[in-house]
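Listed below are the residues making up each chain.
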Amino acid sequence: MTGAGAALVIVGYALRESLRRRVFLVVLVLTVGFLALYGLGTYFAFRDVESFVPPDKNILDPKAFTGATVFGLAMFAVLFLGSVVAIFLTLGVVRGDAEAGLLQPIVVRPIGRRTIVLARLAGAAVVSAAYALVVYGLALAITAAVGGWTPDHVVGPALGLALAVVTVAAISLFASVFMSATAQGIAVFMVFGTGLTAGLLSQIGRALDSGSLHTIGRVATWLLPFDGLYQAGLHALISSTGGLTGVALQLGPFGGAEGAGPLLVLWAIAYTALVAGGAALAFSRRDL
Amino acid sequence: MTPSPDSVALVARGVGKTYGRTTALGGVSLEVGHGELVGLLGPNGAGKSTLTKIACGLVRPTSGTVEVGGRPAGTRTARGMIGYLAELFRFPRWMTADEVLVLHQRLAGSGGAASERAELLALVGLFAAASTRVEAMSKGMQQRLGIAQALVGGPRLLLLDEPTSALDPAGRGIVRELMGELRTRGTSVLLNSHLLSEVERVCDRVAILNEGRVVTEGRPADLSRPRGVEIEVDGGTRLYEGATREDVPRIVAELVASGERVYGARVLASTLEETYLEAVGGATG
Ligand SMILES: Nc1ncnc2c1ncn2[C@@H]1O[C@H](COP(=O)(O)OP(=O)(O)OP(=O)(O)O)[C@@H](O)[C@H]1O
Ligand SMILES: [Mg+2]
């Protein structure tokens, strides 16, 4: 059988299996719950700022301010939920399944171990990225419908989030080669938290004008690029918003975002390939 | 180069495997001829599973080589020639028996379609359970499904690691019949087992492994060596060591001629079990 044919069989198997997991239902419920809350929160936020009349709309636009703030929150939720999906789709893929005895019957078939690993990553990446895009789109639609506001850039942040979720899937898959399912889940969530903290550190460093803190944060952000991609997405939301609104948002709760050039995107793609390649290499040498 | 059809199915030469400080295999050489059924016996921890896993590419040997059908074990071509049933395995709980076989037909590149699946399920006595989910199967049913899975695509070499450990007597009977069927098809089999009587009945040849080495090897009949003849006379029983079945008429005639009354004669042979216990020194792992 050709490599591509085998890969498709594995992807199909992995997708069917993930649909069977109870976590899938949990994610669906969480998503619906989040979107409902988001709709409600957005409605009240926009209603409350309506009464606020700024001296000059060019200086501070309450609608843009509110929209960017709530949508920034939604983006964080997309990153978080998308990462949960990415992690659970790659949970126990190698060591966990090997310990359960599920992997051996498949590995002895005439398909490459690399094909198995890469197919499982491809399956997880496609599903979690699609999930992130759908939730992003729904949050965007809710914001536009309820508040009448849309961000300056729509596509860039969406793709950035999708890519961020794919890097989380790659990290999780890599961990699955070495850890059993529970340890893997915990470790990857810790890594995820570390990435977010690093992003925060970098911002605090910038705000306090602490060069070293900023540098530490920056380095960590490049080591775990999902946070950088998310920050870049936030930045792009209001990158064309001028006046005091833009300034105020830059310093807002989630708006301390840093822009990132195409270099970060290229790096995130290369990073995913490197991590996936590392996972495939480690798996091909492993005794089962 | 395609391997010639009469080349040996499996050759292991000086295979060693260490896990950290544990030596699982210390230089094992073994052959399974084309169409031959070889039983691998040995106490717990002897290295049977390790050798099987090396043969199907799950584990990499520390030293030595293993070839399947003339190809290095673990390569894609070699894996394409084998069917494997692991000692500890599981199929996805949500799949039906038929779906498990569909998955493995695709992975093995078997064009056998529905007729192959039906035939295999019938062969292991699971025909009526084709649409039963794995989670609803007993352990023995899962093991039979595992055997059917190993046969998908008609492998040239079958590696079975304790395939009957969960089977009831009827299930074992099915497997015995299956071995006979495989023999007529010319499939080679390496069978790991703790069930000496079963191995004795179905295998052409037996290798006994202990502490990672082959300690005894041969045909079951040769391993069950004659140990003498026991004759019951008035004064009790007399043992004629080294005597065989052929010696019985002569011994009895001599005894009768010398005025003894003979009540019975018994040919003693060491069973495979005795040979086994002798070979492994009573080791239990
Ligand atoms: N993954 C592993 N890591 C460390 N040691 C291992 C590993 N697998 C096997 N061993 C050791 O290698 C030796 C051989 O094990 P193996 O499973 O091959 O024995 P076996 O003959 O199949 O035994 P059993 O009859 O109990 O199935 C044992 O000492 C075992 O502890
Ligand atoms: Mg074993």
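Because the structure is predicted, anything quoted here is derived from the model rather than measured.

Rules and cut-offs
Residues numbered from 1 in each chain as written. Chains lettered and ligands numbered in written order. Predicted model: local features only at pLDDT ≥ 70, side-chain atom pairs only at ≥ 80, totals over all residues. Heavy atoms only, no water. Contact = heavy atoms within 4.5 Å. Buried area = accessible area lost by both parts, 1.4 Å probe. Salt bridge = Lys/Arg side-chain N within 4 Å of Asp/Glu carboxyl O. Helix = DSSP H or I, 4+ residues; strand = E, 2+ residues; numbered from the N terminus. Buried < 20%, exposed > 50% of the residue type's maximum accessible area, 1.4 Å probe, protein only. Phe/Tyr/Trp six-rings, centres within 6.5 Å; stacked < 30°, edge-to-face > 60°. Lys NZ or Arg CZ within 6 Å of the ring centre and 35° of its normal.

Caption draft 1: Region of the structure containing the interface of chain B and chain A. With 30 residues of chain B in contact, the opposing surface of chain A contributes 24 residues. Here chain B and chain A share an interface that buries about 2600 Å² over both sides, 59% of which is from carbon and sulfur atoms. Sorting the residues of chain B by area buried against chain A places Leu58(B), Trp94(B) and Leu107(B) first, and these three jointly supply 30% of that buried surface. Here chain B is connected to chain A by 2 salt bridges. Here Asp287(A) ties to Lys17(B) by a salt bridge, and the two come within 2.6 Å at their closest N and O atoms.

Caption draft 2: The arrangement of the pattern of salt bridges in detail. Counting across every chain of the model gives 20 salt bridges over all chains. Across the pair Asp98(B) and Arg117(B) runs a salt bridge whose closest N-O atoms are separated by 2.9 Å. On the criterion of sequence distance, the pair formed by Asp98(B) in helix H3 (residues 97-108) and Arg117(B) in helix H4 (residues 113-123) is long-range, its members being 19 residues apart. On the accessibility criterion, Asp98(B) (25% relative accessible area) is partly exposed. Its salt-bridge partner being Asp204(B), residue Arg183(B) comes within 2.5 Å of it at the nearest N-O pair. Separated by 21 residues along the polypeptide, Arg183(B) in helix H6 (residues 169-185) and Asp204(B) in the loop between helix H7 (196-202) and strand S9 (205-210) bring together distant segments of the chain. The class of Arg183(B) is partly exposed, set by a relative accessible area of 34%. Take Asp204(B): its relative accessible area is 27%, and that puts it in the partly exposed class. Residues participating in the shared-partner salt-bridge network are Glu17(A), Asp97(A) and Arg120(A).

Caption draft 3: How the structure looks around the packing of aromatic side chains. According to the stated counting rule, one finds 9 aromatic pairs over all chains in the structure shown. Geometrically, the ring pair formed by Trp267(A) and Tyr271(A) is edge-to-face, given 5.6 Å between the ring centres and 65° between the ring planes. With a gap of 4 residues between them, Trp267(A) and Tyr271(A) both fall in helix H12 (residues 262-284), about one helical turn apart. Among the aromatic residues, ring-to-ring pairing joins Phe80(A), Phe192(A) and Phe226(A) into one connected group. Just above the ring of Phe283(A) sits the side chain of Arg113(A); from NZ or CZ to the centre is 5.2 Å. The residue whose ring lies beneath Lys17(B) is Tyr19(B), and the NZ or CZ to ring-centre distance is 5.2 Å.

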